[in-house]
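Understanding the architecture of this molecule
Here's the letter readout for the chains.
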Amino acid sequence: MMNSSNLTNQFLIAMPTLADPNFHHTVTYICAHNEEGAMGIVINRPLELEFGEIIQQMELESVNEEIEHLPVYHGGPVQIERGFVLHHPNETWASSIQISDDLGMTTSCDILEAIAAGEGPKHLLIALGYAGWASGQLEAEIKGNAWLSGPVDAEIIFNTPCKHRWTSATSLLGFDSHQISTEVGHA
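Report on the accompanying structure. (Residues numbered from 1 in each chain as written. Predicted model: local features only at pLDDT ≥ 70, side-chain atom pairs only at ≥ 80, totals over all residues. Heavy atoms only, no water.)

Once that is clear, we can look at the overall build of the chain. What the chain contains, in helices and strands, is six helices and ten strands. For the chain, the C-alpha radius of gyration of 17 Å lies close to 16 Å, the compact-globule estimate for 187 residues. The dimensions of the chain, computed from C-alpha atoms along their principal axes, are 55 × 35 × 25 Å. Taking all 187 residues of the chain together, the buried fraction comes to 43%. For the chain, contacts bridging at least 24 residues in sequence account for 67% of all contacts bridging at least 6. When the accessible surface of the chain is summed, it comes to about 9,800 Å², and 48% of that surface belongs to carbon and sulfur atoms. Each charge class in the chain was averaged separately, 6 positive and 24 negative side chains, and the resulting centres sit 8 Å apart. (Helix = DSSP H or I, 4+ residues; strand = E, 2+ residues; numbered from the N terminus. Rg over C-alpha atoms; globule rule 2.2 N^0.38 Å. Buried < 20%, exposed > 50% of the residue type's maximum accessible area, 1.4 Å probe, protein only. Contact = heavy atoms within 4.5 Å. Areas by Shrake-Rupley, 256 points an atom, 1.4 Å probe, with all protein chains shown as cover. Lys, Arg positive; Asp, Glu negative; His and termini not counted. Charge placed at Lys NZ, Arg CZ, Asp CG, Glu CD.)

Here it is, written out as structure tokens:
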């Protein structure tokens, strides 16, 4: 059962009642949504891991210490060993998809090498893992009041402090996050 609305390039905001520990109080940026399912990156779950640890494992050197301290996020519970970089597309990388005019996602090592060398995208978010839904699963979860979907603001992804991203994404829908009921129901 595929809903006619495509959620690609939308925020998926977890409702307060969503008890799944992988998604409680998360904001997920939906990178792809079609008849086969959906895929997104959680943007507000930093890991206790910095980019410097990743480039060290890759035996790369960074051009400055600031790059080494870039946070790495838990992008979701699927393929947690795989890296994903959300960014403002300013160059073509070996394995990139352009999600919108403003945002792209890359999974190839060449972008990590460029970031370490200080030549990567100006705005980026590095994540390990992704969130995935089978065909019709996300639509059923939305119908069951697990999620709200809404417009994307790249400012929230790249510049809003992590602890404020859920509230900021909710405010894009036109109401205060404190107005969201913790009761489940349908209008």
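This part covers a negative patch on the surface. Where like charges cluster on the molecular surface, the negative patch consists of Glu50, Glu53, Glu65 and Glu68. On the secondary structure map, Glu68 appears in helix 2 (residues 65-68). (Patch = residues over 30% accessible without salt bridge, like charges linked within 9 Å, V, L, I, M, F, W, Y side chains within 5 Å. Salt bridge = Lys/Arg side-chain N within 4 Å of Asp/Glu carboxyl O.)

So, on to the environment of Phe84. Relative to the assigned elements, Phe84 resides in strand 6 (residues 78-87). Not counting residues within four places of it along the chain, the set of residues in contact with Phe84 comprises Met39, Ile41, Met105, Thr106, Thr107, Leu125, Ile126, Ala127, Gly129 and Tyr130.

Quick look at unusual backbone geometry now. With phi around 60°, Glu59 is a residue other than glycine that occupies positive phi space. Looking at where Glu59 falls in the secondary structure, it is placed in the loop between helix 1 (51-57) and helix 2. Among the residues examined, Glu59 registers a relative accessible area of 74% and is labelled exposed. Unlike most non-glycine residues, Asn145 shows phi in positive territory, near 65°. With respect to the secondary-structure elements, Asn145 resides in the loop between helix 4 (137-143) and strand 10 (147-150).

The description of two aromatic rings rests on the distance between their centres and on the angle between their planes. On inspection of all chains with the given rule, the structure shows four aromatic pairs. On the numbers, 5.6 Å between centres and 70° between planes, the contact of Phe84 with Tyr130 is edge-to-face. Placement of Phe84 in strand 6 and of Tyr130 in strand 9 (residues 124-134) is noted, with a sequence separation of 46 residues between them. Grouping residues by exposure puts Phe84 and Tyr130 together as buried. In this structure an aromatic cluster arises from ring pairing among Phe23, Trp133 and Trp147. (Phe/Tyr/Trp six-rings, centres within 6.5 Å; stacked < 30°, edge-to-face > 60°.)

Further remarks concern the nonpolar core. By size, the foremost hydrophobic cluster in this structure holds 24 residues, and its most contacted members are Phe11, Tyr29, Ile41, Ile43, Leu86, Leu125 and Ile157. Of all the elements in the fold, those that place two or more residues in this core are strand 1 (11-14), strand 2 (27-34), strand 3 (37-42), strand 6, strand 9, helix 5 (154-158) and helix 6 (165-171). For Ile41, the residues in contact, after removing those within four places along its chain, are Val27, Thr28, Tyr29, Cys31, Gly75, Phe84, Leu86, Met105, Leu125, Ala127, Gly129 and Tyr130. Formed by 16 residues, the second largest nonpolar core is a distinct cluster that contains Leu49, Ile55, Ile67 and Ile115. (Core = buried A, V, L, I, M, F, W, Y, C linked by side-chain atoms within 4.5 Å.)

Burial runs high along strand 9: nine of the eleven residues are buried. For strand 3 and strand 9, the ladder comprises four bridges, and the chain directions are antiparallel. By the bridge assignment for strand 9, Gly40 is matched with Ala131. In this structure, strand 6 lies alongside strand 9, joined through six bridges in antiparallel fashion. Bridge pairing links Gly83 to Leu128 in strand 9. (Pairing = 2+ DSSP bridges.)

In this section: the environment of Glu35. Positionally, Glu35 belongs in the loop between strand 2 and strand 3. In the structure, Glu35 is positioned 29 residues away from Asn6 in sequence and 9.3 Å away in space, judged by C-alpha atoms.

Right, let's talk about the pairing of strand 3 for a bit. Taken across its six residues, strand 3 has six buried, putting it largely inside the fold. Side-chain alternation along strand 3 places Gly37, Met39 and Ile41 on one buried face and Ala38, Gly40 and Val42 on a second face that is also buried. Where strand 2 and strand 3 come together, six bridges link them in antiparallel fashion. In the sheet register, His33 faces strand 3, and the bridge partner there is Ala38.

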